[in-house]
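Analysis of the macromolecular model
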Amino acid sequence: MTVLAAAAVAVRGWPWGLTRAPERIYAATATAVVGGWLAAATALGATRSPLPTLLILATVALGVPWWAHRRRRARVRVDRVINAWPNLAEMIGLAGSRIMSAAVDTWGWRARIKLRPGQSVTDLVSRVPAIESALGTRPGAVRVEQDPAHAGRCTMRVLAVDPHAGAIPWPGPTARSIADPIELGVFEDATPVRVAMLRRHALIGGTTDSGKSGVLNVILGNLAACTDVVLWGIDLKGGMELRPWAPCLARLATTPDEATDLLADAVAILDARAQASSHDNTRVWKPTPKAPALVIVIDEYAELADTAPDAVGHAESIARRGRALAVDLLAATQRPTQRAMGGGALRSQMSIRVCLRVRERRDVDLILDKGMLNDGWHAHTLDAPGKFYVLADGHNQPRRARAYLVTDDLVRQTSARYADQRPELDPLSRAAINQQPRPIEPPGPSVDDPERALLMALDQAPTDGLSVPELIDLTGMRRTWVYDRLQAHAAAGRARQVARGRWRA
Ligand SMILES: Nc1ncnc2c1ncn2[C@@H]1O[C@H](COP(=O)(O)OP(=O)(O)OP(=O)(O)O)[C@@H](O)[C@H]1O
């Protein structure tokens, strides 16, 4: 069988359609070696000496030429593109641009391009779909990055495979102090996305299911491990997103009134800190475990703007004055409307902007800044949850990244792990607010086994069923987990929807 297969490969290049003799000889040799080894392993046992040693030797001996050949072929393809570029460039309206050098890399290849005098990177960016068509790549394979040292030069990357095709598991918190940069995920060249949070407000925008809560979770997972930051949360979806972090939150507002009170208290803290700073002649508040920073996490900022107009004034005041006094905002929004963003006043104070997939192209400019869409920040083309662009100190090029995926289990484990290391507000800030922090309802008693808690809750649900927020409370899990499990139980006949959004067994 092996001999026949090797002969078929050698003579006809079958089944890979190999036309060149060296390729056919290599494939026939590989077929013969693999077939021979498998036959010997079947007859004698795979662990019988010297079969394991032969396997390793054959893998190395066959692997090296295969790898070298792949790179050579990739290089040949790239050389063809370099030669054809003048014609291609003319066809797509970039006549006069030149490829100066090109290199094959792990994911595809990259080329340094010199533009014709008068052309700019924006011209190249606006023709990316035409370049993809001319090069015959899949849509979304071409990236263009400006050369920071020369306005007429740029790097074009062509990704044969998407390095972000799969979810990237969260490696756990890397920050121990709010002064440490937080690692949100990885860029397409596998370098980590590190963002400094201290004295910066952050805006995370993207359409529904683009992964906003995912990015919030990576940041919260890191801040939870920092002993010099107090975390407050506002979640007007009844706490659906933030309640799993309750063990690490000093305060959680789930109604417009509570949100207004919470932000008013943050402003009171700001005032107290500002006064103390002017007394001591210190300009900035340096966070320590005894005098921590305050980070206010707001899930769905547009909802807050719609339902609690007073809260918006407080948020804008914090955005304007909070940085020096270490009171920072971390807001996520699905609808970055002009109104929600205070006509841009709030956004302009937010020096970290994370833009996930947006539905409409103009949302890019609303989340990031005017003109960013034209400059190549094409967030409308991001094609999986958690893929994002980041605009922050040290990140001013439109480079695609993917956020780490923090699973619901990791959220639970992380919030439980750091719950008893959370600092308290300093006495000055505590004295500035009348209200003693009310204990936040923990995310349910049976968090050790959320699956069992869910099934029990469905079994014991009243005839009109339980709502998803109630099930989130009872299980301590996030909304996406509850939805997924409800769908699975419904398919298996263990749960049914008795009314819109209400479930029971
Ligand atoms: N970094 C990621 N990698 C892979 N999958 C992700 C990532 N982030 C989120 N997801 C998946 O995408 C789905 C939606 O994520 P998420 O709830 O974070 O979106 P969202 O933008 O907050 O949605 P909504 O607007 O409805 O609140 C979830 O099923 C989640 O598991």
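Residues numbered from 1 in each chain as written. Predicted model: local features only at pLDDT ≥ 70, side-chain atom pairs only at ≥ 80, totals over all residues.

Another point: the domain arrangement of the chain. In terms of domain boundaries, the chain breaks down into domain 1 (2–72), domain 2 (81–159), domain 3 (168–432) and domain 4 (450–504). If you average the C-alpha positions of domain 1 and of domain 4, the two centres end up 54 Å apart. (Domains from an automatic or database assignment.)

Two faces belong to every sheet, and in a regular strand the side chains alternate between them. Neither face of strand β13 (residues 352–355) is left uncovered, since the one carrying I352 and V354 and the one carrying R353 and C355 both have all their residues buried. Alignment of strand β8 (residues 202–205) against β13, held across four bridges, turns out to be parallel. What sits directly across from A202, in β13, is I352. As paired strands, β13 and strand β14 (residues 387–391) are joined by three bridges and run antiparallel to one another. Bridging from a neighbouring strand, C355 pairs with Y389 of β14. (Buried ≥ 20, exposed ≤ 12 C-beta atoms within 10 Å, placed from the backbone. Helix = DSSP H or I, 4+ residues; strand = E, 2+ residues; numbered from the N terminus. Pairing = 2+ DSSP bridges.)

The next point concerns the sheet that holds strand β1 (residues 98–104). Spatially, four strands are ordered β1-β2-β4-β3 in an open sheet, and the strand pairing comes out antiparallel. Strands with a single pairing partner mark the edges of an open sheet, and in this sheet they are β1 and β3 (142–146). Neighbour to neighbour, the strand axes of the sheet diverge by 20° on average, direction disregarded. Relative to strand β4 (residues 153–159), β3 runs antiparallel, the two being bridged by five bridges. (Axes fitted to C-alpha atoms, helices over the stretch in contact; angles between N-to-C directions.)

By size, the foremost hydrophobic cluster in this structure holds 91 residues, and its most contacted members are L294, I296, C355, F388 and V390. Of all the elements, helix α6 (residues 212–224) adds the most residues to this core, at seven residues. In this structure C355 touches G205, G206, V364, I367, L368, W377, A379, F388 and Y389, once residues within four positions along its chain are discounted. Listed in part, the 15 residues of the second largest apolar core include I113, L115, V125 and L159. (Core = buried A, V, L, I, M, F, W, Y, C linked by C-beta atoms within 7 Å. Contact = placed C-beta atoms within 7 Å.)

Here the focus is the UniProt feature "binding site: ATP" (unreviewed entry) in the chain. Here the UniProt feature "binding site: ATP" (unreviewed entry) sits at G206, T207, T208, D209, S210, G211, K212 and S213. The topology assignment puts T208 in the loop between β8 and α6. For G211, the location among the structural elements is in the loop between β8 and α6. Classification of G211 as buried rests on a count of 25 C-beta atoms within 10 Å. With residues near it in sequence (within four places) discarded, G211 still touches G206, L356, P385, G386 and A403. (UniProt positions renumbered as here; feature names shortened; annotations may be inferred.)

Below, the discussion takes up the packing of helix α1 (residues 2–12) against helix α2 (residues 21–44). Axis separation between α1 and α2 bottoms out at 8 Å; the angle between their running directions is 170°. Regarding the angle of α1 to α2, the classification is roughly antiparallel. Within the contact between the two elements, α1 uses T2, A5, A6, V9 and A10 and α2 uses R24, I25, A27, A28, T31, A32, G35, G36 and A39. (Parallel < 35°, antiparallel > 145°, perpendicular 65-115°, else oblique.)

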